[in-house]
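Coordinate inspection notes
Residues per chain, in single letters:
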Amino acid sequence: MRCSPTLETFWHSMKGERNEHLTACSKSQQLGKAFLDGAPFLRMYSVYYNNFDSANNLVRGLDSNAPATTSSALGASPGVSGPGSFARLRILVAESAANKAMSKRFREFMHEVRNHPRHTQNSLQSFLILPVQRLPRYKLLLDELFECTPSDHPDYEPLKQAREEVRCRVQECNEKKREWEAREQGLHVLLKVKIRDWSARAAVVNHVKPGRRFIRDGLVRVVKCLEPAGLVEEDEQRIDPLMACGGKRDRFRQIFIGGLVETRFGFKGSSLEDGDTIGPEQLITHGLTRTTGKEFKLFLFSDVLCWCKRKGTADGEFDLVCGVELGTDDMAVELIESDQGGGPANIEFGAFLRIRNAQSIVYLGGTVAEMSSWYAAIMDGR
């Protein structure tokens, strides 16, 4: 089996220098130069680090003596009844059969390898983890070599530089591994967000920007939302409060204010036309005194806030109400604290979070601790 082009290039470039530095066994032998020349190529380990867990899990699954049966796979899979259930059933049966056949072939191959005269006691998973352990071992080796090398030795300075270079490569690989895991987690969470025909500003959710990270999720009360009242582009449609509230018209109120559409959730009162006249001054200013809000599921990413319906589907998906773009130049987040309740509704909000961008202004409500936590999470993600 051939090496990858990068590894092959590295091997040929190092072969001559390795012989030059390592074959001469003398007191002036220099190992630091060999490690120093090879240190930039150690970045290649990052790709292996990132994929190691997936490869290890795949081998563990294939080598299992009790693979999932067709019936158990079907029983564990939601959505096999109702419209399209027969087609889904056929797909599950085909997938299960293919997985069982692959697992069987893999176990037969591994059995043959284990019986080979040249086979050692190391398993395939033991070999898989060796490259993961290689860089830390290089670092430990250089640390020990450096500690045992006199300061007047010709290899002292090269070892010192190589030690720092390898340390940096190990740190880089670990950081890229954490970034990779964060992206993988973010993509997994993003799959839970179900975009519907009525979802507002779904384009900012669909367009996954480089470096998108998942930060947190949770149930939060959305108090109200302000949006432009004029015509909007198809991919920037306004929120649909009726669908967001499960078709229950008594859960929200809407009013046109100048060039804006104001949607309040959990409004208490006969009409929005009466205005907000009772309550703390800052709540009157923002029109928050007669609104209890409605609980929604929020998924916060570094560049977008996915505002979803509270309850998920049987598949664990959450219908997207609106995508709130973050991190743009026109985006602003404000924490509004109040020692008093939200008014006659008897729902006390210790604080509100005001999120503004070019498309909307969204108000969230909760305790001071909750809103402060969400504020910090949004600001840290920018």
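Residues numbered from 1 in each chain as written. Predicted model: local features only at pLDDT ≥ 70, side-chain atom pairs only at ≥ 80, totals over all residues. Heavy atoms only, no water.

Focus on the packing of helix 3 (residues 45–62) against helix 7 (residues 156–190)
Two elements in contact, helix 3 and helix 7, have axes whose closest approach is 9 Å; the angle formed by their N-to-C orientations is 40°. Between helix 3 and helix 7, the angle is such that the two are oblique. Like other packed secondary-structure pairs, helix 3 and helix 7 cross with a definite hand, here right-handed. When helix 3 is examined against helix 7, the residues Y45, S46, Y49, N50, N51 and D53 are found in contact with a partner set consisting of C173, N174, K176, K177, W180 and E181. Taken together, the residues of the contact of helix 3 with helix 7 sort by class into four nonpolar, four polar and four charged. (Axes fitted to C-alpha atoms, helices over the stretch in contact; angles between N-to-C directions. Helix = DSSP H or I, 4+ residues; strand = E, 2+ residues; numbered from the N terminus. Parallel < 35°, antiparallel > 145°, perpendicular 65-115°, else oblique. Left-handed = near helix turned anticlockwise from the far one by under 90°. Contact = heavy atoms within 4.5 Å. Nonpolar A, V, L, I, M, F, W, Y, C, P; charged D, E, K, R; others polar.)

Structural notes on the nonpolar core
Counting residues in each nonpolar core, the largest one holds 30 residues, and the members touching the most others are W307 and L364. For this core, the elements supplying multiple residues, two or more each, are strand 2 (214–228), strand 5 (294–301), strand 6 (304–308), strand 7 (318–325), strand 9 (351–356), strand 10 (361–366) and helix 11 (368–381). A total of four residues in this core trace back to one element, the largest contributor, which is helix 11. Among all residues touching W307, those that are not within four sequence positions of it are V222, C225, I239, F265, F296, K297, L298, D319, L320, V321, C322 and V362. By size, the runner-up hydrophobic cluster in this structure holds 14 residues, among which are V189, V193, A202 and L320. (Core = buried A, V, L, I, M, F, W, Y, C linked by side-chain atoms within 4.5 Å. Buried < 20%, exposed > 50% of the residue type's maximum accessible area, 1.4 Å probe, protein only.)

Comments concerning the confidence of the model for the protein chain
Residues at a pLDDT of 70 or more form 74% of the protein chain, whose mean pLDDT is 78. Averaged pLDDT values over the elements of the protein chain bottom out at 40 in helix 4 (residues 70–75) and peak at 95 in strand 6. Segment residues 270–279 is flagged for pLDDT under 50; beyond a separation of four residues in sequence, or across chains, it makes 22 contacts in the model. (pLDDT = per-residue confidence, 0-100.)

A closer look at the packing of aromatic side chains
Under the defined criterion, the tally for this structure stands at seven aromatic pairs. A centroid spacing of 5.4 Å and a plane angle of 75° characterise the contact between F265 and F296, whose relative ring orientation is edge-to-face. One end of the pair, F265, is in strand 4 (residues 260–265); the other, F296, is in strand 5, and 31 residues separate them in sequence. Overall, the relative accessible area of 0% leaves F265 in the buried class. Judged by relative accessible area, which is 1%, F296 ranks as buried. For the cation-ring pair, R216 lies above W374, with the distance from its terminal atom to the ring centre recorded as 4.1 Å. Taking the ring centre of F296 as reference, the NZ or CZ of K294 above it sits at 5.7 Å. (Phe/Tyr/Trp six-rings, centres within 6.5 Å; stacked < 30°, edge-to-face > 60°. Lys NZ or Arg CZ within 6 Å of the ring centre and 35° of its normal.)

With respect to the side chain of R264
Its location among the elements puts R264 in strand 4. We classify R264 as buried; its relative accessible area is 3%. A distance of 2.9 Å separates the side chain of R264 from the side chain of E262, its partner in a polar contact. (Polar contact = N/O pair within 3.5 Å; in protein donor to acceptor, adjacent residues only side chain to side chain.)

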